[in-house]
Amino acid sequence: MSSAVGSVVRGLASYVRQRIAGWRTGSRASQVFLLAVLVAMVGLTTVLGALVEVIIPVAMWFLFLMVGTMLLRFVPLLVLAVVLGGVAVWTSLGNDFATASRESALVIFALALALAIYQSSRQRSGLPMALSEAVLTQLRDRLQRQGVVPPLPDGWRTQSATITANGPSYAGDFLVADLREGRWLEMALVDVCGKGTSVGPQALQFAGALGGLIGALPPAELMAAANAFLLRQESEESLATAVHIKLDLVTGDYTITSAGHPPALHWHLGHRGWSIDNARGMALGVIEEAEFAPSSGRLHPGEALMFYTDGVIESADRDLDEGIDWLRQVALQAVDARGFTGMPKRVLKKVPRGDDDRALLVLERLPLTSPERASERHRGLAG
């Protein structure tokens, strides 16, 4: 008996999962099924109210309307609205218990129906509210996973921190990364120009395009392709700055290509300080024949490179050069206090609040005598 019950429960759970998966696709069949379920529930509520001779409150129909607004597309929602309007009038005015207060509630409910239908008709994606959010969230999560730096070989470490200006997780600053053959690391830190939530969709679109190109093209061609992509966009605000690094994890040799981005900083172990990298270039999306002047160098054990967006250094009371000097000083104090561990978050905490997103990335080549390297050697001997 228990096995039979368990089989029924598992079958029901599987059926529910299939229905949910079908709804997430936004298919017509899933919408028809969901509409049928809601109409059936409305009918059942109406029948039960008639059997027990209870006037169903108008608030009950508001509940069905809210669920429909979240889960249904425009046409199914319109059908549900007609059904709800009909049963609301029939259950309220088709009896001897109709009152002026219920008539007022019906007028308010009619306005709510009209607003729900209008809002649904304005959904540019053609998807219901909850499904639009789910699709956008899935896209955001997929692109954010694309920006996670792959696990690096022994002796290398990356740390990053980001603060969005307006709270939402759809920031204009993003990172894309690629590691090939366990040796060639490429990363690009991008700042899409714009403020507020409107920059989020542009950043998501650009991150998807750049994530598909990184590692497949040489740095100069990658920047040229990214520039061409932004120039093809219809918006006049499709501008971005970017900094790209290609690093040989065996030798430590690197090439940095900048497109209007604040200069990278190099921590030199010999004189304990952050020097300014000299890679320069035009911002992306401005002109067709953008030129880039890359820089090259070598990262020795105990040294690090720092990349950041302009929200870290820009403020109303200082210019770009002053902001870079300020960052060099704050980062120097952070390293002197606790080393590179947790440095990006500690530095961003020092940045005054502003209306721009802030991102900071540190790429470190661990010293030969660091505790991390000693731990790695210990694990290697133990293995």
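These numbers were taken from a predicted model, which means no experiment stands behind them.

**Describing the sheet that holds strand β1 (residues 156-163)**
Part 1: Taken in spatial order, the five strands make up an open sheet running β1-β12-β11-β6-β7, and their pairing is antiparallel. Looking at which strands have only one partner, the edges of the open sheet turn out to be β1 and β7 (273-276). Between one strand and the next, the sheet's axes are offset by a mean angle of 20°, whatever the strand orientation.
Part 2: Both strand β11 (residues 304-308) and strand β12 (residues 358-365) contribute to a ladder of five bridges, which runs antiparallel.

**Focus on the pattern of salt bridges**
Part 1: A complete count under the given rule lists six salt bridges for this structure.
Part 2: Here R298 and D253 are joined by a salt bridge, their closest N and O atoms 2.5 Å apart. A residue pair is termed long-range when its members are at least 10 positions apart, and R298 in strand β10 (residues 295-298) and D253 in strand β5 (residues 253-259) qualify at 45 residues.
Part 3: Relative accessible area serves as the criterion here: at 31%, D253 is assigned to the partly exposed category.
Part 4: A salt bridge links R328 to D325; the shortest N-O distance between them is 3.8 Å. Of this pair, R328 and D325 are both found in helix α9 (residues 320-338), three residues apart, which corresponds to roughly one turn of the helix.
Part 5: Via salt bridges that share partners, D178, R180 and E186 belong to a single interconnected network.

**Examining helix α2 (residues 28-51)**
Part 1: Spanning 24 residues, α2 covers 35 Å between terminal C-alpha atoms, matching the ideal 34 Å at 1.5 Å per step.
Part 2: For α2, the complete set of buried residues consists of S30, Q31, L34, L35, L38, V42, T45, T46 and G49.
Part 3: Positioned one or two residues after α2, E53 has a phi angle of 55°, which is positive.

**Structural notes on the sheet that holds β10**
Part 1: With respect to topology, five strands assemble into an open sheet ordered β2-β3-β4-β5-β10, the strand pairing being antiparallel. Each edge of the sheet is formed by a strand with only one pairing partner; in this case those strands are β2 (173-180) and β10. Mean inter-strand twist for the sheet, computed between neighbouring axes without regard to direction, equals 15°.
Part 2: One ladder, built from nine bridges, connects strand β3 (residues 184-192) with strand β4 (residues 240-248); its direction is antiparallel. Bridging across to β4, V190 finds its partner in A242.
Part 3: On top of the sheet, helix α8 (residues 219-232) reaches β4 and β5; it is set at about 160° to β4, its chief contact.

**As for the pairing of strand β6 (residues 265-268)**
Successive side chains on a regular strand alternate, one facing one side of the sheet and the next facing the other.
Part 1: The sheet contact formed by β6 and β7 spans four bridges and is antiparallel. Following the sheet pairing, W267 is matched in β7 by W274.
Part 2: In this structure, the hairpin formed by β6 and β7 is closed by a connection of four residues, where R272 is found at a positive phi of approximately 45°.
Part 3: In this sheet, β11 lies alongside β6 in antiparallel orientation, the contact comprising three bridges. Bridge pairing in β11 links W267 to A304.

**Brief notes about the confidence of the model for the chain**
Part 1: For the chain, the mean per-residue pLDDT works out to 81, and 76% of the residues sit at or above 70.
Part 2: Across the chain, the secondary-structure element scoring lowest on mean pLDDT is helix α11 (residues 371-382), at 44, and the one scoring highest is β5, at 96.

**A closer look at the packing of aromatic side chains**
Part 1: Applying the stated criterion across every chain, the model contains seven aromatic pairs.
Part 2: For the pair F206 and F229, a centre-to-centre distance of 5.8 Å together with 10° between the ring planes defines the contact as stacked. With F206 in helix α7 (residues 199-213) and F229 in helix α8, the pair connects residues that are 23 residues apart, well separated along the chain.
Part 3: Relative accessible area serves as the criterion here: at 2%, F206 is assigned to the buried category.
Part 4: Relative to F340, the ring of W274 lies with its centre 6.1 Å away and its plane at 90°, an arrangement referred to as edge-to-face. Residue W274 is located in strand β7, and its partner F340 is located in the loop between α9 and α10 (343-348); the two are separated by 66 residues in the primary sequence. Each member of the pair, W274 as well as F340, is classed as buried.

Rules used throughout
- Residues numbered from 1 in each chain as written.
- Predicted model: local features only at pLDDT ≥ 70, side-chain atom pairs only at ≥ 80, totals over all residues.
- Heavy atoms only, no water.
- Pairing = 2+ DSSP bridges.
- Helix = DSSP H or I, 4+ residues; strand = E, 2+ residues; numbered from the N terminus.
- Axes fitted to C-alpha atoms, helices over the stretch in contact; angles between N-to-C directions.
- Salt bridge = Lys/Arg side-chain N within 4 Å of Asp/Glu carboxyl O.
- Buried < 20%, exposed > 50% of the residue type's maximum accessible area, 1.4 Å probe, protein only.
- Expected span 1.5 Å × (residues − 1).
- Contact = heavy atoms within 4.5 Å.
- pLDDT = per-residue confidence, 0-100.
- Phe/Tyr/Trp six-rings, centres within 6.5 Å; stacked < 30°, edge-to-face > 60°.

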